[in-house]
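Chain and residue survey
Spelled out, the chains give:
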Amino acid sequence: MRAPLPAARAAIAALLLASSTGARAQVDADTLKAAFVYNFALYATWPAPARNTAEITVCVPARSTLATALGELAGKPVDARKLAVRDVDAYAPGDGCDVRIIDAHIAAAPMERGVLTVCDCGETPAPQGGIIALVREGTRLRFDVDLAAADAARITLSSKLLHLARTTR
């Protein structure tokens, strides 16, 4: 069940505030990015039927600096499912992945039905086909959403999440 609107806004606002100057010293960048990815999973809806009714699987390249931070979130609840994290080859098909972490160094994100692609883009433009791009804006961490890519993957993103995006296209 989705969190009530005030609680949802408070949780997402806390993530955004954590990237401010004072809190940045307490939370490293990868932990913050992992928290964003977790919240993206909370506010996304996948096409039925679910691949796995017990888990939401986040696939992350083993070489990614996010692998450890995401691993610490394994087992956290995502609606009635639990978050699972799996190391994968960065460019292999996302068989069994509900969320796929990619980096900005690929030319195009893999487009797969039912897979939420999240680019750890830094200051690099997001690759074509990615649904959500984590971007650095000065000292802040923000995110952009490609609604056409989400629609092609049959992923629905909550309006609460879209409202917090830096840009939607």
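A brief look at the structure comes next.

1. Notes on the packing of aromatic side chains
Under the defined criterion, the tally for this structure stands at three aromatic pairs. Plain terms: the ring middles of F40 and F143 are 5.0 Å apart, the flat faces sit at 65° to each other, and that makes the pair edge-to-face. Of this pair, F40 sits in helix α3 (residues 29–42) while F143 sits in strand β8 (residues 140–145), placing them 103 residues apart in sequence. A relative accessible area of 1% means that F40 is categorised as buried. Judged by relative accessible area, F143 falls into the buried class, the value being 1%. Members of the aromatic cluster, joined through ring pairs, are F36, F40 and F143. Geometry around Y38 places K76 over its ring, the cationic atom sitting 5.1 Å from the centre.

2. A short note on unusual backbone geometry
Following A48, the chain continues to P49 via a peptide bond in cis, the omega torsion being -5°. The topology assignment puts P49 in the loop between β1 (44–45) and β2 (55–61). The phi dihedral of R154 falls on the positive side, at around 65°, and the residue is not glycine. Within the secondary structure, R154 sits in the loop between α5 (147–153) and β9 (156–157).

3. Structural notes on the pairing of β2
Burial analysis of β2 places six of its seven residues in the buried class, the great majority of the element. In terms of strand pairing, β2 meets strand β4 (residues 81–88) through seven bridges, oriented parallel. When the sheet's bridge partners are listed, P61 is paired in β4 with V88. In this sheet, strand β5 (residues 99–103) lies alongside β2 in parallel orientation, the contact comprising two bridges. Residue pairing for β5: V58 is matched across the bridge by V99.

4. Re the pairing of strand β6 (residues 116–122)
Of all seven residues that make up β6, six are buried, and the element is covered over most of its length. Pairing analysis gives five bridges linking β5 to β6, with the strands arranged parallel. Paired with I101 across the two strands is V118, which belongs to β6. Both β6 and strand β7 (residues 132–137) contribute to a ladder of four bridges, which runs parallel.

5. Considerations on the sheet that holds strand β10 (residues 167–168)
Judged by pairing direction, the sheet is mixed, and its eight strands sit side by side in the order β3-β4-β2-β5-β6-β7-β8-β10 without closing on themselves. Of all the strands in the sheet, just β3 (77–78) and β10 have a single pairing partner and so form its edges. Where α3 meets the sheet, it contacts β2, β3, β4, β5, β6, β7 and β8, and its direction lies at approximately 145° from that of β7.

Cut-offs and rules
- Residues numbered from 1 in each chain as written.
- Predicted model: local features only at pLDDT ≥ 70, side-chain atom pairs only at ≥ 80, totals over all residues.
- Heavy atoms only, no water.
- Phe/Tyr/Trp six-rings, centres within 6.5 Å; stacked < 30°, edge-to-face > 60°.
- Helix = DSSP H or I, 4+ residues; strand = E, 2+ residues; numbered from the N terminus.
- Buried < 20%, exposed > 50% of the residue type's maximum accessible area, 1.4 Å probe, protein only.
- Lys NZ or Arg CZ within 6 Å of the ring centre and 35° of its normal.
- Pairing = 2+ DSSP bridges.
- Contact = heavy atoms within 4.5 Å.
- Axes fitted to C-alpha atoms, helices over the stretch in contact; angles between N-to-C directions.

Everything listed here is a matter of geometry and, on its own, says nothing about what the molecule does.
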